[in-house]
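Listed below are the residues making up each chain.
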Amino acid sequence: GDVTVRRLAQGIGVSTEKIEEVLGSIGEEMQSIEDRVPMDAAELAAAEFGWAVSWAQSITGSGTKAEPRPAVVTVMGHVDHGKTTLLDSLRRTSVAASEAGGITQHIGAFEVKMPGSKRSLTFLDTPGHAAFKAMRARGAKVTDLVVLVVAADDGVMPQTKEAYSQARECGCPLVVAISKCDLPQANVEKAKQQLVAAEVELEEYGGNVQVVQISAKTGAGLLELEEALILQADVLELSALRDGTAEAVVVEAHLDKGLGPVATIIVKGGTLHVGDSVVVGTLWGKIRTMKDSTGTPINSVLPGQPAEICGLRGVPQAGDALLAVCNEDRAKRVSDARAARKMAPMLQVPHMNGVLSGCGETHFVDGRALNIVLKADAKGTGEAARDAILQLGSDVVGVQVMHVGVGPVTETDIVFAATTNSRIFAFNVRTTTAEEAFAKQQNVDIHEHSIIYHMLDHVGQLLIDIAPACH
Ligand code: GDP
């Protein structure tokens, strides 16, 4: 994952001698201008000249030493069509197959090993579109495949179509899972007709989208679904280099009282080891411990695999890129340089083919933020919801939770929201007609939710809506 001295110099617009001089000063001796510069060193060199670097593509190409990697799968679909239940069932199969014995742990992603083979699939453990959108808003492409869940008793609904168009936009192939096939009122044929009408090119109608009938409740069809995904992954020929320092993407992160910052990552290239020094956004750290999705401690993680890591110096955001570097000092320097250059112009570096182009535009837009006042039925719920909401923010559009309170929305909340230009999210609390009328008068939006993922989806949508058009 790197770029040559010559390309770097071209991109920045300085001589190769200047680049070599700067690289030398940070301990990277180059023999020739065609030598490849490690990503972190390239960033530091670019920072010297006032550029920030955005690594546009990961090392996922089919280089000579690239090896097959598991596909990363996101489950999408309409509300109540069975996404969570499907993920629960899949997670259980992953745990049953491991030695950890039945303890399911939500870490944001999990790996399912196919029985009797070395193949596996990595599922993002967040249904709905919030995570997907948050990642996209941050320019991270982590998902290879989408499972589009359509309930057999309900058929194609608005969010089915939305999920389909999102998957199509980012070029993710999909496999359709017609769920709830155990229900007496299931009408698989009707669901298929509706999918065809929504321009989903199903295999049996001459397209290339596989359809699997499942029941997350009885477990019927789950293995077929996994097999369909493996088949689809084969078509993509997903591969990555295992050698060298790791690149990964943060899927979820939080502050644990005992462990400190904890993040779930999926490795995109290289191998991540315990003891590695890493940079994540403007944070750095040294990997202290890692666990797989069954909670088992592990020492290394390969491309396509998820892991929960400890040892970061702060809580990163979903979609942040993680980069392993040669030592702690380098990690500190790169994170400092990034923090200092947060407003610097971005240098787009799709580094697989080594092409550099300075786009000369800042990707960070001042003053774009979504302000939220959060009311919840209990203190713990409110805080958990706040943490989850904060993870959706990005450098492009930030999220600020201005206030978290317990109980119904009050007039004071509405006035506060009006003065801070916030929207109110009411989680598991009802708003009276009087307050609703007052909010309307004050031009404040109140959004009521009772399911966390739906609320996060909603916040994610608002973030996309206010994101600048350049994204
Ligand atoms: P989500 O909103 O898409 O995550 O949907 P959920 O997974 O929360 O499921 C919504 C409802 O459908 C719940 O009451 C589930 O128990 C039920 N459900 C999900 N999958 C199945 C299934 O395969 N069969 C039946 N009968 N019910 C299901």
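Residues numbered from 1 in each chain as written. Predicted model: local features only at pLDDT ≥ 70, side-chain atom pairs only at ≥ 80, totals over all residues. Heavy atoms only, no water.

Per an unreviewed UniProt entry, the protein chain carries the name Translation initiation factor IF-2, chloroplastic and comes from Ostreobium quekettii. In the Subcellular location (unreviewed entry) part of its UniProt record, the protein chain is described as follows: "Mitochondrion". In UniProt, the protein chain has this text filed under Sequence similarities (unreviewed entry): "Belongs to the TRAFAC class translation factor GTPase superfamily. Classic translation factor GTPase family. IF-2 subfamily." (UniProt positions renumbered as here; feature names shortened; annotations may be inferred.)

Asks: I'm lost on the overall build of the protein chain in this one. Help?
Replies: In terms of regular secondary structure, the protein chain is built from 13 helices and 26 strands. Out of the 471 residues in the protein chain, the part that is buried amounts to 52%. For the protein chain, restricting intrachain contacts to residue pairs at least 6 apart in sequence, the fraction spanning at least 24 positions comes to 71%. Looking at the protein chain as shown, the accessible area adds up to about 20,600 Å², and 49% of this sits on carbon and sulfur atoms. (Helix = DSSP H or I, 4+ residues; strand = E, 2+ residues; numbered from the N terminus. Buried < 20%, exposed > 50% of the residue type's maximum accessible area, 1.4 Å probe, protein only. Contact = heavy atoms within 4.5 Å. Areas by Shrake-Rupley, 256 points an atom, 1.4 Å probe, with all protein chains shown as cover.)

Asks: How should I be thinking about the environment of Ile178 in this particular structure?
Replies: Along the polypeptide, Ile178 turns up in strand β9 (residues 174-179). For the pair formed by Ile178 and Ile214, sequence separation is 36 residues and the distance between their alpha carbons is 5.9 Å. Excluding residues within four positions of it along the chain, Ile178 makes contact with Val150, Ala152, Val188, Ala191, Lys192, Val211, Val212, Gln213 and Ile214.

Asks: Help me understand the sheet that holds strand β10 (residues 211-213) in this model?
Replies: Hydrogen bonds along the backbone pair up the strands of a sheet, which may run parallel or antiparallel. Pairing is mixed in the open sheet, where six strands are placed in the order β6-β7-β5-β8-β9-β10. Edge positions in the sheet fall to β6 (109-113) and β10, since each has one partner strand and no second. Across the sheet, the axes of successive neighbouring strands diverge by a mean angle of 30°, strand direction being ignored. Alignment of β6 against strand β7 (residues 120-124), held across five bridges, turns out to be antiparallel. When the bridges of β7 are listed, Ala109 appears paired with Leu124. Across the face of the sheet, helix α6 (residues 158-169) comes into contact with β5 (71-77), β8 (145-151) and β9 while running at roughly 165° to β8. (Pairing = 2+ DSSP bridges. Axes fitted to C-alpha atoms, helices over the stretch in contact; angles between N-to-C directions.)

Asks: It is not clear to me how the packing of helix α10 (residues 379-390) against helix α13 (residues 452-466) should be interpreted in this structure. Could you clarify?
Replies: Two quantities define a packed helix pair, namely the angle between the axes and the distance from one axis to the other. Two elements in contact, α10 and α13, have axes separated by 10 Å at closest approach and are oriented at 35°. Taken as a pair, α10 and α13 cross one another with a handedness that is right-handed. Seen from α10, the contacting residues are Ala385, Ala388 and Ile389; seen from α13, they are Ile452, Met455, Leu456 and Val459. Residues belonging to the contact of α10 with α13 are distributed by class as follows: seven nonpolar, no polar and no charged. (Left-handed = near helix turned anticlockwise from the far one by under 90°. Nonpolar A, V, L, I, M, F, W, Y, C, P; charged D, E, K, R; others polar.)

Asks: Please explain the site of the ligand as it appears in this structure.
Replies: Around the ligand sit 14 residues, and of these Asp80, Thr84, Thr85, Asp182 and Ala216 come closest. Contacts to the ligand include Thr85, whose side-chain N or O atom sits 2.6 Å from an oxygen atom. Within the side chain of Asp182, a nitrogen or oxygen atom sits 2.7 Å from a nitrogen atom of the ligand. Summarising the interface, the protein chains cover 76% of the accessible area of the ligand, which totals 570 Å² for the free molecule. Across the shell around the ligand, the residue classes tally to three nonpolar, six polar and five charged. (Near = heavy atom within 4 Å. Polar contact = N/O pair within 3.5 Å; in protein donor to acceptor, adjacent residues only side chain to side chain.)

Asks: It is not clear to me how the pairing of strand β20 (residues 321-325) should be interpreted in this structure. Could you clarify?
Replies: Most of β20 is tucked away, with four of its five residues classed as buried. Looking at chain direction, strand β12 (residues 247-256) and β20 are connected through three bridges and run antiparallel. Residue pairing in the sheet places Val249 in a bridge with Ala321 of β20.

Asks: Can you help me understand the side chain of Ser335 in this one?
Replies: Following the sequence through the fold, Ser335 ends up in helix α9 (residues 328-340). There is a polar contact of 3.0 Å between the side chain of Ser335 and the backbone oxygen of Lys332. With residues up to four places along the chain from it excluded, the contact list for Ser335 reads Val279, Thr282, Leu283 and Trp284.

Asks: What exactly am I supposed to notice about helix α2 (residues 16-25) here?
Replies: Structurally, the α-helix is built with 3.6 residues per turn, so residues lying three or four positions apart point the same way. When we look at burial in α2, the residues that qualify are Thr16, Ile19, Val22 and Leu23. For α2, the arc enclosing every buried residue in end-on projection is 125°, short of the 170-degree limit, so these residues lie on one face. For α2, the exposed residues set more than 90 degrees away from the buried face come down to Glu17, Glu21 and Ser25. Elements that come into contact with the buried residues of α2 comprise α1 (5-12), β2 (36-38) and α3 (39-48). One or two steps after α2, the chain reaches Gly27, where phi turns positive at roughly 90°. (Arc of directions from axis to C-beta.)

Asks: Help me understand the environment of Leu272 in this model?
Replies: The topology assignment puts Leu272 in strand β14 (residues 272-273). Here the alpha-carbon distance between Leu272 and Thr245, two residues 27 residues apart in the chain, equals 6.8 Å. Contacts of Leu272, omitting those with residues within four sequence positions, involve Ala246, Ile265, Val267, Val278, Ile287, Met290, Asn299, Ser300, Val301, Ile309, Leu322 and Ala324.

Asks: Please clarify how the packing of helix α11 (residues 411-419) against helix α12 (residues 433-441) should be interpreted in this entry.
Replies: Remark: α11 packs on α12, axes separated minimally by 10 Å, with the N-to-C direction vectors making an angle of 15°. The angle between α11 and α12 places the two elements in the roughly parallel class. Between α11 and α12 lies a crossing whose hand is right-handed. Of the residues in α12, those in contact with Glu411, Ile414 and Val415 of α11 are Glu435, Phe438 and Ala439. (Parallel < 35°, antiparallel > 145°, perpendicular 65-115°, else oblique.)

Asks: I keep staring at the pattern of salt bridges and nothing clicks. Help me out?
Replies: Opposite charge on two side chains lets them pair, provided their charged atoms get close. Overall, the coordinates contain 17 salt bridges when judged by the stated rule. Between Arg91 and Asp125 there is a salt bridge; the shortest N-O distance is 2.7 Å. Remark: Asp125 occurs in the loop between β7 and α5 (130-137) and Arg91 occurs in helix α4 (residues 83-97); sequence separation between them is 34 residues. Of the residues examined, Arg91 reaches a relative accessible area of 11% and is grouped as buried. Here Asp125 falls in the buried class, since its relative accessible area comes to 2%. Here Arg119 ties to Asp234 by a salt bridge, and the two come within 2.8 Å at their closest N and O atoms. Residue Arg119 is found in the loop between β6 and β7, and its partner Asp234 is found in helix α8 (residues 222-236); the two are separated by 115 residues along the sequence. For Arg119, a relative accessible area of 34% translates into the label partly exposed. Given the relative accessible area of 37%, Asp234 is considered partly exposed. Taken together, the shared-partner salt bridges connect Glu28, Asp40 and Arg330 into one network. (Salt bridge = Lys/Arg side-chain N within 4 Å of Asp/Glu carboxyl O.)

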